[in-house]
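# Descriptive structure summary
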Amino acid sequence: MPRVSEEHLERRRRQILDAAQLCFARKGFNATSMQDVFTESGMSAGAVYRYFASKDQIIWALVAPTLGPLRERLAAYIRTEQTPTPAEVIRMLTREIVARSGPDGPLRLAPQVWALALVQPDAAAIPVRESIAGMRELWLEYAIRMRELGWVPDDTDADALAKAMFGLLPGFILQHLLLNDVTPDDFARGVEVMLPGPRP
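The following paragraphs examine the structure supplied in this document. Starting from 1, residues in each chain are numbered consecutively following that chain's sequence as written. Two thresholds apply to this predicted model, a pLDDT of at least 70 for residue-level local features and 80 or more for giving and counting side-chain atom pairs, whereas whole-chain, interface and lining totals are computed over all residues. Just so you know, side-chain values use all the structure's heavy atoms and leave hydrogens and water out.

## Describing the overall build of the chain
Helix and strand definitions here come from DSSP, where helices need a minimum of 4 consecutive H or I residues and strands a minimum of 2 consecutive E residues; each element is numbered from the N-terminal end. When helices and strands are counted, the chain shows eleven helices and zero strands. Order of helices (α) and strands (β) in the chain, N terminus to C terminus: α-α-α-α-α-α-α-α-α-α-α. Projected onto its principal axes, the C-alpha coordinates of the chain cover approximately 65 × 40 × 30 Å. Throughout this description, buried means an accessible area under 20% of the type-specific maximum (1.4 Å probe, protein chains only), exposed means over 50%, and partly exposed covers the range between. By the burial criterion, 43% of the 200 residues in the chain qualify as buried. Residues are treated as being in contact if the distance between any of their heavy atoms lies within 4.5 Å. Taking the intrachain contacts of the chain between residues at least 6 apart in sequence as the baseline, contacts between residues at least 24 apart amount to 66%. Throughout, the Shrake-Rupley method with a 1.4 Å probe supplies accessible areas, and for residues the shown protein chains are the sole cover considered. Carbon together with sulfur atoms contributes 54% to the accessible area of the chain, which is approximately 10,700 Å² in total. The charge count includes Lys and Arg as positive and Asp and Glu as negative, but it does not include His or the ends of the chains. By convention, the charge on Lys lies at NZ, on Arg at CZ, on Asp at CG and on Glu at CD. A gap of 5 Å separates the mean positions of the 23 positive and 25 negative side-chain charges of the chain.

In structure tokens:
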């Protein structure tokens with residue numbers, strides 16, 4: 001297939017996903033109809049169905065662009081020459097979450113995706129599990145680095161530490177979206193108490 005045609009198809013697919021993301025962020029998965037997606041995208045039903053056979057297919061296609069950028073930021077940050085402290089990592093990530101979870105923000109979809117994955121067949125939920133597992137692997141990499149630097153005791157279970165640190169992010173997302181009374185600096189200060197980082 002000519003390259004220009006492949007690029008055109010990808011642009012159209014992206015147009016549908018962008019429109020659906022806006023609809024889902026505003027109304028939720030259940031309240032959004034395919035007609036809403038047609039209207040927001042400016043595309044006909046036939047054109048949309050050429051790319052996605054159902055609303056569920058669109059939802060699962062949005063998993064990577066919803067959570068992927070956060071994973072990429074974490075990977076880049078923890079692999080810098082000067083390893084950031086736990087508080088610095090959490091401050092960076094939670095600021096990114098706030099920036100990406102406004103009224104039309106893609107991270108508003110995260111809790112909806114998690115809930116949907118609980119009730120969907122295993123095969124359908126694979127993208128969500130893979131995304132979560134990939135994020136947790138980065139926390140494990142960071143936890144091992146913390147142990148190597150002497151920021152935690154030599155006998156620290158890095159796997160257990162990674163699981164606990166990963167759990168901070170969903171907690172921040174839920175508090176930010178539902179209570180709207182938590183800030184990145186709140187979380188960073190709390191993490192400094194639990195994991196102070198470099199010792200004098």
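## Concerning a nonpolar patch on the surface
Here, patches come from residues exposed beyond 30% relative accessible area and free of salt bridges, joined within 9 Å for like charges and within 5 Å for nonpolar side chains (Val, Leu, Ile, Met, Phe, Trp, Tyr). Definition used for salt bridges: Asp or Glu carboxyl oxygen within 4 Å of a side-chain nitrogen of Lys or Arg. Judged by side-chain polarity, Leu 174, Leu 178 and Leu 179 come together as a nonpolar surface patch covering roughly 320 Å² of accessible area. Secondary-structure assignment places Leu 174 in helix H10 (residues 168-179). Its relative accessible area of 38% is what places Leu 174 among the partly exposed residues.

## Observations concerning helix H8 (residues 122-148)
For a helix, the expected span equals 1.5 Å multiplied by the residue count minus one. The terminal C-alpha atoms of H8, which comprises 27 residues, lie 37 Å apart, in line with the 39 Å expected from a rise of 1.5 Å per residue. What the bend at a residue measures is the angle between two axes, fitted to the seven residues ending there and to the seven starting there. At Val 128, H8 shows its strongest bend, of approximately 30°. Check the buried side of H8 and you find it contacts helix H4 (55-61), helix H5 (63-78), helix H6 (86-99), helix H7 (110-119), helix H9 (158-166) and H10.

Any functional reading would require information that these geometric values do not contain.
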